[in-house]
Amino acid sequence: MDKPIIQFYEIQEEPVKSCYMALRQVFLTYNSAITEEWKYGLPFFYYAKKPLCYLWKDKKTLHPYIGFVDGILMDHPMLEQGNRKRMKVLSIDPNEDLPIETLYELLEIAIRLKS
């Protein structure tokens with residue numbers, strides 16, 4: 001694993017750090033074809049070598065979010081497009097439990113778009 005990825009996680013403050021680490025674990029254990037790479041200065045997750053999603057945080061709230069690469073093609077009530085042209089995001093509250101079922105639903109939708 002690249003050093004910048006490790007540094008990204010390690011420099012985060014709690015509870016964001018734990019949230020990112022938990023999301024990372026969910027992605028990497030959901031499907032063995034999901035891999036992590038350091039792209040565009042952030043952790044990017046790929047499915048079968050195709051870009052799937054990435055982790056980042058909101059500039060105002062500093063809460064983490066998951067950006068889905070083909071979000072525009074994803075229809076799910078929890079996704080927000082905002083002023084993005086292609087991506088949609090799932091905002092995560094780092095002080096609450098992860099919405100595991102929602103994450104699984106979104107990963108399944110995103111993977112189907114890549115297959």
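Here the structure is shown first, and the text comes after it.
In short, a report on the structure. (Residues numbered from 1 in each chain as written. Predicted model: local features only at pLDDT ≥ 70, side-chain atom pairs only at ≥ 80, totals over all residues. Heavy atoms only, no water.)

### Quick notes on the nonpolar core
Ranked by size, the top nonpolar core spans 28 residues in total, and within it Leu23, Phe27, Leu52, Leu55, Ile66, Phe68 and Leu90 carry the most contacts. For Leu52, the contacting residues outside a window of four places in its chain are Ile34, Phe45, Tyr46, Tyr47, Gly67, Phe68, Val69, Leu107, Ala110, Ile111 and Lys114. Counting seven residues, the second-largest nonpolar core is a separate cluster that includes Leu42, Phe44, Tyr54 and Tyr65. (Core = buried A, V, L, I, M, F, W, Y, C linked by side-chain atoms within 4.5 Å. Buried < 20%, exposed > 50% of the residue type's maximum accessible area, 1.4 Å probe, protein only. Contact = heavy atoms within 4.5 Å.)

### A short note on the state of the cysteines
A complete count under the given rule lists zero disulfides for this structure. With no disulfide of its own, Cys19 lies 13 Å from the sulfur of Cys53, the closest cysteine sulfur. (Disulfide = S-S within 2.5 Å.)

### Side note on the environment of Lys114
Along the chain, Lys114 turns up in helix α3 (residues 100–114). The sequence separation of Lys114 and Lys50 amounts to 64 residues, and the corresponding C-alpha distance is 7.0 Å. Ignoring anything within four residues of it in the chain, the contact list for Lys114 reads Tyr47, Lys50, Pro51, Leu52, Val69 and Asp70. (Helix = DSSP H or I, 4+ residues; strand = E, 2+ residues; numbered from the N terminus.)

### Digging into the environment of Leu98
Within the secondary structure layout, Leu98 lies in the loop between β5 (88–91) and α3. With a relative accessible area of 18%, Leu98 lands in the buried category. Between the C-alpha atoms of Leu98 and Leu23, which are 75 residues apart in sequence, the distance is 8.0 Å. Those residues within four positions of Leu98 in sequence are excluded, and the remaining contacts are Cys19, Ala22, Leu23, Val26, Ile92 and Leu103.

### Quick look at the packing of helix α2 (residues 16–30) against α3
Taken N-terminus to C-terminus, the directions of α2 and α3 make an angle of 50°; their axes are 11 Å apart at the nearest point. Taken together, the axis directions place α2 and α3 in an arrangement best described as oblique. For α2 against α3, the interelement crossing comes out right-handed. Here Leu23, Val26, Phe27 and Tyr30 of α2 lie close against α3, whose contacting residues are Ile100, Leu103, Tyr104, Leu107, Glu108 and Ile111. In terms of residue class, the contact of α2 with α3 is built from nine nonpolar, no polar and one charged. (Axes fitted to C-alpha atoms, helices over the stretch in contact; angles between N-to-C directions. Parallel < 35°, antiparallel > 145°, perpendicular 65-115°, else oblique. Left-handed = near helix turned anticlockwise from the far one by under 90°. Nonpolar A, V, L, I, M, F, W, Y, C, P; charged D, E, K, R; others polar.)

### Let's talk about the packing of aromatic side chains
Counting across every chain of the model gives 10 aromatic pairs. Just above the ring of Tyr65 sits the side chain of Arg84; from NZ or CZ to the centre is 5.5 Å. (Phe/Tyr/Trp six-rings, centres within 6.5 Å; stacked < 30°, edge-to-face > 60°. Lys NZ or Arg CZ within 6 Å of the ring centre and 35° of its normal.)

### Comments concerning a nonpolar patch on the surface
A contiguous nonpolar surface patch, about 270 Å² in accessible area, is contributed by Ile72, Leu73 and Leu113. Within the element layout of this structure, Leu113 appears in helix α3. (Patch = residues over 30% accessible without salt bridge, like charges linked within 9 Å, V, L, I, M, F, W, Y side chains within 5 Å. Areas by Shrake-Rupley, 256 points an atom, 1.4 Å probe, with all protein chains shown as cover. Salt bridge = Lys/Arg side-chain N within 4 Å of Asp/Glu carboxyl O.)

### Some details on the pattern of salt bridges
Scanning the model with the defined rule gives four salt bridges in all. Here Asp70 and Arg86 are joined by a salt bridge, their closest N and O atoms 3.0 Å apart. Here Asp70, found in the loop between β4 (64–68) and β5, pairs with Arg86, found in the loop between β4 and β5; they are 16 residues apart in sequence, far enough to count as distant. On the basis of relative accessible area, Asp70 is assigned to the buried category, the value being 13%. With a closest N to O distance of 2.7 Å, Lys114 and Asp70 form a salt bridge. With a gap of 44 residues between them, Lys114 in helix α3 and Asp70 in the loop between β4 and β5 connect regions that are remote in the sequence. By relative accessible area, which is 11% here, Lys114 ends up buried. Each member of the salt-bridge network shares a partner with another, and the members are Asp70, Arg86 and Lys114.

Read these as layout, nothing more, since geometry by itself doesn't imply function.
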